[in-house]
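# Structural overview
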Amino acid sequence: MTENTATAISTLDQLVDVFRDILDFAGLTEDTDFYEAGGDSLTAFQITGRLEEILGVDDIPVSLVFAYPTPRDLAEVVDADYGRA
């Protein structure tokens, strides 16, 4: 039996890495709130821009970061709306 999941990086894992990098918060987890981690409108645009690069799409609204402020919540919406890259 072949497992592709071993090499695939989940949207959640990618978002945690993106949030950590952009917010410069090494201790950030899947459930860390964007606002509590120091996020603002500029960092929200940076997060959606990076996510668009990862997924190869160009229409992820920045409002999603505000509406779904944890990597876990945002990953669920992104997977549902944009699928996996």
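Everything numeric in this text was worked out from a predicted model, so none of it was measured.

Let us look at the overall build of the protein. The number of helices and strands found in the protein is four helices and zero strands. Traced from its N-terminal end to its C-terminal end, the protein shows the element sequence α-α-α-α. Relative to its 85 residues, the protein shows a buried fraction of 39%. Looking at the protein as shown, the accessible area adds up to about 5,000 Å², and 49% of this sits on carbon and sulfur atoms.

Next up on the list: the packing of helix α1 (residues 11-23) against helix α4 (residues 71-82). Direction vectors running N to C along α1 and α4 enclose 130°, while the axes themselves pass 9 Å from each other. Taken together, the axes of α1 and α4 are oblique relative to one another. Every pair of crossing elements has a handedness; the one defined by α1 and α4 is right-handed. Every residue of α4 that contacts α1 at T11, L12, L15, V16 and F19 is listed here: P71, R72, L74, A75, V78 and D79. Taken together, the residues of the contact of α1 with α4 sort by class into eight nonpolar, one polar and two charged.

We now examine helix α2 (residues 41-55). Here α2 is 15 residues long and its end C-alpha atoms lie 21 Å apart, about the 21 Å a rise of 1.5 Å per residue gives. If you check which residues of α2 are buried, you get T43, A44, I47, T48, L51, E52 and L55. The backbone nitrogen of L42 lies 3.1 Å from a side-chain oxygen of the residue at the head of α2, namely D40. Phi turns positive one or two residues past the end of α2, at G56, with a value near 75°.

It is worth spelling out the packing of aromatic side chains at this point. Two descriptors summarise a pair of aromatic rings, namely the distance from one centre to the other and the angle between the planes of the rings. A full pass over the atoms with the stated rule returns four aromatic pairs. Taking the centre distance of 6.2 Å and the plane angle of 75° together, the rings of F19 and F34 count as edge-to-face. Separated by 15 residues along the polypeptide, F19 in helix α1 and F34 in the loop between α1 and α2 bring together distant segments of the chain. Overall, F19 belongs to the buried group, its relative accessible area being 0%. Residue F34 is classed as buried on the basis of its relative accessible area of 0%. Geometrically, the ring pair formed by F34 and Y35 is edge-to-face, given 5.5 Å between the ring centres and 75° between the ring planes. Given a relative accessible area of 42%, Y35 falls into the partly exposed group.

How each quantity is defined
Residues numbered from 1 in each chain as written. Predicted model: local features only at pLDDT ≥ 70, side-chain atom pairs only at ≥ 80, totals over all residues. Heavy atoms only, no water. Helix = DSSP H or I, 4+ residues; strand = E, 2+ residues; numbered from the N terminus. Buried < 20%, exposed > 50% of the residue type's maximum accessible area, 1.4 Å probe, protein only. Areas by Shrake-Rupley, 256 points an atom, 1.4 Å probe, with all protein chains shown as cover. Axes fitted to C-alpha atoms, helices over the stretch in contact; angles between N-to-C directions. Parallel < 35°, antiparallel > 145°, perpendicular 65-115°, else oblique. Left-handed = near helix turned anticlockwise from the far one by under 90°. Contact = heavy atoms within 4.5 Å. Nonpolar A, V, L, I, M, F, W, Y, C, P; charged D, E, K, R; others polar. Expected span 1.5 Å × (residues − 1). Polar contact = N/O pair within 3.5 Å; in protein donor to acceptor, adjacent residues only side chain to side chain. Phe/Tyr/Trp six-rings, centres within 6.5 Å; stacked < 30°, edge-to-face > 60°.

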